[in-house]
Amino acid sequence: MWDEYAIVEDNRFDQLIAERLVKTFDSSGEVHVFDNGRPALDYFLSKQDHSKKALILLDINMPVMDGHEFIKGLRESEQSEEILNNVRIVIMTSSIRTGDRTDTVKFPFVLEYIEKPITKEKIQSFWNVG
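Quick caveat: nothing in here was measured; it's all calculated off a predicted structure.

Peer 1: I tried to follow the sheet that holds strand β5 (residues 110-115) on my own but got confused; where do I start?
Peer 2: Adjacent strands of a sheet form backbone hydrogen bonds with each other and so pair up, either parallel or antiparallel. The five strands are arranged β2-β1-β3-β4-β5 in an open sheet whose pairing can be described as parallel. Where the open sheet ends on each side, the last strands, each with one partner, are β2 (30-34) and β5. Between one strand axis and the next, the sheet turns by 15° as a mean value, whatever way the strands run. Where strand β3 (residues 54-58) meets strand β4 (residues 87-93), five bridges bridge the pair, whose relative direction is parallel. If you follow Leu-57 over to β4, its bridge partner there is Val-90. Contacts between helix α1 (residues 12-25) and the sheet are confined to β1 (4-8), β2, β3 and β4, with β2 contributing the most and set at about 170° to the helix.

Dropping the structure here:
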(Lines give C-alpha, C1' and ligand atoms only; values in the text may rest on other atoms or scores of the structure.)
Protein backbone atom coordinates (compact mmCIF):
# COMPACT_ATOMS: atom_id res chain seq x y z
CA MET A 1 0.00 0.00 0.00
CA TRP A 2 0.86 3.67 0.00
CA ASP A 3 1.78 5.82 2.99
CA GLU A 4 -0.10 8.84 1.71
CA TYR A 5 -2.36 9.97 -1.09
CA ALA A 6 -2.82 13.30 -2.81
CA ILE A 7 -5.92 14.10 -4.81
CA VAL A 8 -5.20 17.06 -7.06
CA GLU A 9 -8.52 17.97 -8.64
CA ASP A 10 -10.51 21.20 -9.03
CA ASN A 11 -13.94 19.59 -9.28
CA ARG A 12 -15.43 18.99 -5.82
CA PHE A 13 -17.57 16.06 -6.98
CA ASP A 14 -14.53 14.30 -8.53
CA GLN A 15 -12.56 15.00 -5.34
CA LEU A 16 -15.21 13.24 -3.27
CA ILE A 17 -15.32 10.22 -5.59
CA ALA A 18 -11.53 9.91 -5.59
CA GLU A 19 -11.32 10.27 -1.83
CA ARG A 20 -14.01 7.63 -1.31
CA LEU A 21 -12.20 5.21 -3.64
CA VAL A 22 -8.88 5.79 -1.89
CA LYS A 23 -10.48 5.03 1.46
CA THR A 24 -12.12 1.91 -0.01
CA PHE A 25 -8.73 0.51 -0.95
CA ASP A 26 -6.75 1.81 2.01
CA SER A 27 -8.38 3.24 5.11
CA SER A 28 -5.04 3.75 6.86
CA GLY A 29 -3.29 6.04 4.37
CA GLU A 30 -3.24 9.78 4.93
CA VAL A 31 -5.26 11.64 2.26
CA HIS A 32 -4.57 15.22 1.14
CA VAL A 33 -6.93 17.04 -1.22
CA PHE A 34 -5.81 20.00 -3.32
CA ASP A 35 -7.87 22.18 -5.67
CA ASN A 36 -5.00 22.65 -8.14
CA GLY A 37 -1.36 21.83 -8.66
CA ARG A 38 0.14 24.85 -6.87
CA PRO A 39 -0.68 23.89 -3.26
CA ALA A 40 0.06 20.24 -4.05
CA LEU A 41 3.48 21.11 -5.47
CA ASP A 42 4.19 23.37 -2.48
CA TYR A 43 3.26 20.49 -0.16
CA PHE A 44 5.62 18.00 -1.81
CA LEU A 45 8.48 20.49 -2.13
CA SER A 46 8.21 21.61 1.50
CA LYS A 47 8.27 18.11 2.99
CA GLN A 48 11.39 17.32 5.00
CA ASP A 49 10.98 13.57 4.69
CA HIS A 50 10.50 12.22 1.16
CA SER A 51 10.72 8.56 2.17
CA LYS A 52 6.94 8.04 2.38
CA LYS A 53 5.44 6.33 -0.65
CA ALA A 54 2.82 8.62 -2.14
CA LEU A 55 0.19 8.05 -4.80
CA ILE A 56 -1.05 11.21 -6.52
CA LEU A 57 -4.36 11.21 -8.39
CA LEU A 58 -3.84 14.17 -10.71
CA ASP A 59 -6.26 16.00 -12.96
CA ILE A 60 -4.78 17.58 -16.10
CA ASN A 61 -7.06 20.58 -16.66
CA MET A 62 -7.21 22.85 -13.61
CA PRO A 63 -6.99 26.58 -12.99
CA VAL A 64 -3.90 28.22 -11.43
CA MET A 65 -1.57 25.24 -12.04
CA ASP A 66 -2.61 22.33 -14.25
CA GLY A 67 -1.36 18.77 -14.16
CA HIS A 68 1.35 19.31 -16.77
CA GLU A 69 2.77 22.25 -14.81
CA PHE A 70 2.63 20.21 -11.60
CA ILE A 71 4.65 17.38 -13.16
CA LYS A 72 7.12 19.88 -14.61
CA GLY A 73 7.48 21.49 -11.18
CA LEU A 74 8.28 18.14 -9.56
CA ARG A 75 10.73 17.17 -12.30
CA GLU A 76 12.58 20.49 -12.23
CA SER A 77 12.80 20.89 -8.46
CA GLU A 78 16.08 20.55 -6.61
CA GLN A 79 14.63 17.55 -4.74
CA SER A 80 13.19 15.89 -7.85
CA GLU A 81 15.22 12.69 -7.59
CA GLU A 82 14.45 12.34 -3.90
CA ILE A 83 10.73 13.05 -4.38
CA LEU A 84 10.20 10.99 -7.53
CA ASN A 85 11.81 7.89 -6.02
CA ASN A 86 8.72 7.43 -3.85
CA VAL A 87 5.95 9.24 -5.72
CA ARG A 88 3.73 7.71 -8.38
CA ILE A 89 1.11 9.59 -10.34
CA VAL A 90 -2.17 8.49 -11.85
CA ILE A 91 -3.59 10.95 -14.34
CA MET A 92 -7.37 11.18 -14.11
CA THR A 93 -8.92 13.42 -16.70
CA SER A 94 -11.85 14.09 -18.94
CA SER A 95 -9.51 15.44 -21.61
CA ILE A 96 -9.86 13.82 -25.02
CA ARG A 97 -6.70 15.51 -26.31
CA THR A 98 -4.30 12.71 -27.35
CA GLY A 99 -1.34 14.96 -26.58
CA ASP A 100 -2.28 14.97 -22.89
CA ARG A 101 -1.79 11.21 -22.73
CA THR A 102 1.43 11.28 -24.77
CA ASP A 103 2.88 14.15 -22.72
CA THR A 104 2.34 12.42 -19.39
CA VAL A 105 2.68 8.65 -19.74
CA LYS A 106 6.26 8.98 -21.00
CA PHE A 107 7.48 9.54 -17.45
CA PRO A 108 8.34 6.41 -15.43
CA PHE A 109 6.65 7.80 -12.32
CA VAL A 110 3.26 8.02 -14.11
CA LEU A 111 1.52 4.71 -13.47
CA GLU A 112 -1.65 5.18 -15.46
CA TYR A 113 -3.83 7.55 -17.45
CA ILE A 114 -7.52 7.03 -16.78
CA GLU A 115 -10.53 8.84 -18.12
CA LYS A 116 -13.20 10.18 -15.81
CA PRO A 117 -15.35 9.18 -14.25
CA ILE A 118 -12.97 7.19 -12.12
CA THR A 119 -14.30 3.92 -10.81
CA LYS A 120 -13.10 1.14 -8.56
CA GLU A 121 -12.54 -1.07 -11.62
CA LYS A 122 -10.38 1.55 -13.35
CA ILE A 123 -7.99 1.94 -10.44
CA GLN A 124 -7.93 -1.62 -9.14
CA SER A 125 -5.36 -2.84 -11.69
CA PHE A 126 -2.55 -0.54 -10.55
CA TRP A 127 -3.46 0.07 -6.91
CA ASN A 128 -0.80 -2.12 -5.30
CA VAL A 129 2.05 -1.02 -7.57
CA GLY A 130 4.65 0.90 -5.68
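Peer 1: Help me understand the packing of aromatic side chains in this model?
Peer 2: Any two aromatic rings considered together are summarised by their centre-to-centre distance and by the angle between their planes. Counted according to the given criterion, the structure contains three aromatic pairs. For the pair Phe-34 and Tyr-43, a centre-to-centre distance of 5.8 Å together with 40° between the ring planes defines the contact as tilted. Ring geometry for Tyr-43 and Phe-44: centres 5.1 Å apart, planes at 80°, overall edge-to-face. With a relative accessible area of 2%, Phe-44 lands in the buried category. Of the aromatic side chains, those joined through ring pairs into one cluster are Phe-34, Tyr-43 and Phe-44.

Peer 1: Help me out: how do you make sense of unusual backbone geometry in this one?
Peer 2: A negative phi angle is the norm for most residues apart from glycine, just as the trans form is the norm for most peptide bonds. With an omega dihedral of 5°, the bond running from Lys-116 to Pro-117 counts as a cis peptide bond. Along the chain, the position of Pro-117 falls in the loop between β5 and α6 (120-124). Of note, Val-64 is a non-glycine position whose phi angle comes to about 70°, a positive value. Structurally, Val-64 can be placed in the loop between β3 and α3 (67-76).

Peer 1: Got a minute to help me understand the side chain of Lys-116 in this structure?
Peer 2: Of note, Lys-116 is situated in the loop between β5 and α6. For Lys-116, the side chain forms a polar contact with the side chain of Asp-59, separated by 3.5 Å. Apart from residues lying up to four places away in sequence, Lys-116 is in contact with Glu-9, Asp-14, Asp-59, Met-92, Thr-93, Ser-94 and Lys-122.

Peer 1: Would you mind going over the nonpolar core with me for this structure?
Peer 2: Inside soluble globular proteins, nonpolar side chains tend to come together where they are buried. The biggest cluster of nonpolar side chains holds 24 residues, and the ones touching the most others in it are Ile-56, Leu-58, Phe-70, Ile-71 and Ile-89. Every element with two or more residues in this core is listed here: β1, α2 (37-46), β3, α3, α4 (80-84), β4 and β5. Excluding anything up to four places from it in sequence, Ile-89 contacts Ile-56, Leu-58, Phe-70, Ile-71, Leu-74, Phe-109, Val-110, Leu-111 and Glu-112. Ranked by size, the runner-up nonpolar core spans 15 residues in total, among them Tyr-5, Val-22, Phe-25 and Ile-123.

Peer 1: Would you mind going over the confidence of the model for the protein with me for this structure?
Peer 2: Per-residue confidence for the protein gives a mean pLDDT of 89, with 88% of residues at or over 70. Per-residue pLDDT, averaged within each element of the protein, yields its smallest value for helix α5 (residues 98-105) (65) and its largest for α2 (98).

Peer 1: Any chance you could explain the pattern of salt bridges here in plain terms?
Peer 2: Any two side chains of opposite charge can pair, given that their charged atoms come close. For the structure on display, the rule yields seven salt bridges. As a salt-bridge pair, Glu-19 and Lys-23 come within 3.4 Å of each other at their nearest N and O atoms. With a gap of four residues between them, Glu-19 and Lys-23 both fall in helix α1, about one helical turn apart. On the basis of relative accessible area, Glu-19 is assigned to the buried category, the value being 19%. Between Asp-42 and Arg-38 there is a salt bridge; the shortest N-O distance is 2.8 Å. Pair noted here: Asp-42 and Arg-38 are both in helix α2, with a separation of four residues, about one helical turn.

The rules behind each value
Residues numbered from 1 in each chain as written. Predicted model: local features only at pLDDT ≥ 70, side-chain atom pairs only at ≥ 80, totals over all residues. Heavy atoms only, no water. Pairing = 2+ DSSP bridges. Helix = DSSP H or I, 4+ residues; strand = E, 2+ residues; numbered from the N terminus. Axes fitted to C-alpha atoms, helices over the stretch in contact; angles between N-to-C directions. Contact = heavy atoms within 4.5 Å. Phe/Tyr/Trp six-rings, centres within 6.5 Å; stacked < 30°, edge-to-face > 60°. Buried < 20%, exposed > 50% of the residue type's maximum accessible area, 1.4 Å probe, protein only. Polar contact = N/O pair within 3.5 Å; in protein donor to acceptor, adjacent residues only side chain to side chain. Core = buried A, V, L, I, M, F, W, Y, C linked by side-chain atoms within 4.5 Å. pLDDT = per-residue confidence, 0-100. Salt bridge = Lys/Arg side-chain N within 4 Å of Asp/Glu carboxyl O.

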